[in-house]
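Residue-level listing of the chains:
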Amino acid sequence: MSTILRPPGPTTRIPGRALVAMYRDRLGFICALAREYGDIAHVTVGSRHLYLLSRPDDIRDVLVTHHRAFHKSRGLERAKLLLGNGLLTSEGEFHLRQRRLAQPAFHRQRIAQYAGTMVAYAARARERWRDGETRDLARDMNALTLAIVGKTLFDADVEAEAKEIGQALTDSLELFRIALLPFSELFDWLMVRRLTRFRRARERLDATIYRMIAERRASGEDRGDLLSMLLAAHDTEGDDSRMTDEQLRDEVMTLFLAGHETTANALTWTWYLLSQHAEAERAMHAEIDNVLGDRLPTMDDVPRLCYTRMVLAESMRLYPPAWIIGRKAIDDYTVGGYQVPAGSVLFMSQYVVHRDARWYPEPERFDPLRWTPEAQAARPKFSYFSFGGGPRQCIGEQFAWTEGVLLLATLAQRWRFRLVPRHPVALQPLITLRPKHGMRMTIERRHV
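Cut-offs applied
- Residues numbered from 1 in each chain as written.
- Predicted model: local features only at pLDDT ≥ 70, side-chain atom pairs only at ≥ 80, totals over all residues.
- Heavy atoms only, no water.
- Pairing = 2+ DSSP bridges.
- Helix = DSSP H or I, 4+ residues; strand = E, 2+ residues; numbered from the N terminus.
- Core = buried A, V, L, I, M, F, W, Y, C linked by side-chain atoms within 4.5 Å.
- Buried < 20%, exposed > 50% of the residue type's maximum accessible area, 1.4 Å probe, protein only.
- Contact = heavy atoms within 4.5 Å.
- Phe/Tyr/Trp six-rings, centres within 6.5 Å; stacked < 30°, edge-to-face > 60°.
- Lys NZ or Arg CZ within 6 Å of the ring centre and 35° of its normal.
- Axes fitted to C-alpha atoms, helices over the stretch in contact; angles between N-to-C directions.
- Left-handed = near helix turned anticlockwise from the far one by under 90°.
- Nonpolar A, V, L, I, M, F, W, Y, C, P; charged D, E, K, R; others polar.

> Go over the pairing of strand β13 (residues 440-445) with me, naming the residues and quoting the values.
The pairing of strand β5 (residues 134-136) with β13 spans 3 bridges and is classified as antiparallel. Paired with Thr 134 across the bridge in β13 is Thr 442. Pairing of strand β10 (residues 415-419) with β13 involves 5 bridges; the strand directions are antiparallel. If you follow Arg 416 over to β13, its bridge partner there is Glu 444.

In structure tokens, the structure reads:
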């Protein structure tokens, strides 16, 4: 029998009563572990072993080199309550098959087709705003990205339903406030009211998605959107089968959530950071004006909006939309010279690693110039992993970069945003990293 070697320093044992504190401040707990124990932290909850890895090479090994040695962590197993067996939660051969079926929907040519929709919806949103008004930019970005996902996924206008669908998604995400905790299933009996709200929210989302699937199957029409691609996709490397309605629902629900929630959060935090850093804001506005003039951006402009992309990258460094990744070891696994037992959960936090002073001097400082090609080449690859890594890297990464850059350019071409004085800015780490109190900002027209 092998010996379990623990990382240097005392092991933190968490009694049951401390689970409540973890629940209330998961992010703070993770950051404290990293500060106290460095690159490898180890805690136990009952008989369960939890590890936090903060060294880029160790993260690369888990996500890329030895990815077959792990399953998704229990938090995402619980997420199946909402997402089903979609790309984010499925495992093994089934996951590989589903990814092959979905991959054509994210080819560059398809994303280029979506670019026009992204810009059109952003242009329409900016025309509704008025100089000097105060708005919750978090709510606005969620409504905008939801409308874009609805159009690109379903070729459907869901703007009128944005508030209702957005609330359903929020109610669903709230269920997972406990999901990352060990023994979280024991809390279900305390959450009867929340579970009831979650089931209603899931039914609301399912009704929309299944209706779209049924209508599209009946018409047999290829509208050039993601749903058409998923309906037409077949497993050419397997049994040549197509997706069932249930599989389509799970994939669409996953893409619906990931494709709107994460981008909305990234944009919201970006507007906040720009409002606090006038020099970076001026540099981004100057690039947008120089590249675009008075016209709206197109897909061809994305590679020319270099500084705008750097602003987005730096925003996602400080406020990564997905702030933590977990993997469960199938067998005993060695990391950093230490052996961890089978069944252990290894966590890797983008929020922690992205703020490591070894890779980012003055890590709390917002500096888009960290993302020049030369600066990126000087850092370990997995010192930044906003989209994960390895075979399970986010399938929609290029979609997200394209949407983020185009929406920033379209909205900043006309407006700048100022945080309302004394508005509280706090983190709400659910599955994604939300601003807890929204982001109330005053809109100011740019005179160019």
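From this point, the narrative continues.
> Could you give an account of the nonpolar core, with specific residues and numbers?
Formed by 112 residues in total, the largest nonpolar core has its most connected members in Met 141, Leu 144, Phe 154, Phe 256 and Trp 271. Sorting elements by how many residues they give to this core places helix α12 (residues 245-276) first, with 14 residues. Those residues within four positions of Phe 256 in sequence are excluded, and the remaining contacts are Leu 146, Val 149, Gly 150, Leu 153, Phe 154, Ile 165, Leu 169 and Leu 205. Ile 59, Val 62, Leu 346 and Met 348 belong to the second largest nonpolar core, which has 17 residues in total.

> Kindly report on the packing of aromatic side chains, identifying the contributing residues and their values.
Evaluation of the coordinates by the stated rule reveals 11 aromatic pairs. Consider the rings of Tyr 114 and Phe 399, whose centres lie 5.7 Å apart with planes at 55°: the pair is tilted. A residue pair is termed long-range when its members are at least 10 positions apart, and Tyr 114 in helix α7 (residues 108-128) and Phe 399 in helix α17 (residues 397-412) qualify at 285 residues. For Tyr 114, a relative accessible area of 2% gives the class buried. Judged by relative accessible area, which is 6%, Phe 399 ranks as buried. Clustering of aromatic rings is evident, with ring pairs tying together Trp 129, Trp 271 and Phe 417. Sitting over the ring of Tyr 319, Arg 355 keeps its end group 5.4 Å from the ring centre. Directly above the ring of Trp 371 sits Arg 379, whose terminal nitrogen or CZ lies 4.5 Å from the centroid.

> Quick one: what's the story with the packing of α7 against helix α8 (residues 137-154), residue by residue and with numbers?
The interhelical angle for the contact between α7 and α8, taken along N-to-C directions, is 145°, at an axis separation of 10 Å. α7 and α8 meet at a crossing whose hand is right-handed. Every residue of α8 that contacts α7 at Tyr 114, Thr 117, Met 118, Tyr 121, Ala 122 and Ala 125 is listed here: Leu 144, Ala 147, Ile 148, Lys 151 and Thr 152. Along the lines of polarity and charge, the residues of the contact of α7 with α8 split into 8 nonpolar, 2 polar and 1 charged.

> So what's going on with the sheet that holds β13? Residues and values would help.
Across the sheet, 3 strands lie side by side as β5-β13-β10; this open sheet has antiparallel pairing. Looking at strand neighbours, the two that pair on one side only are β5 and β10, the edges of this open sheet. Shown here is a sheet whose adjacent strand axes are inclined to one another by a mean of 40°, direction ignored. Packing against the sheet, α8 makes contact with β5, β10 and β13, and its axis sits at approximately 60° to β5.

> Residue-level account of the environment of Glu 251, with values.
In this structure, Glu 251 sits in helix α12. For Glu 251, a relative accessible area of 1% translates into the label buried. With 163 residues separating them along the chain, Glu 251 and Leu 88 place their C-alpha atoms 8.6 Å apart. Beyond its immediate chain neighbours, meaning those up to four positions away, Glu 251 contacts Asn 85, Gly 86, Leu 87, Gln 98 and Met 243.

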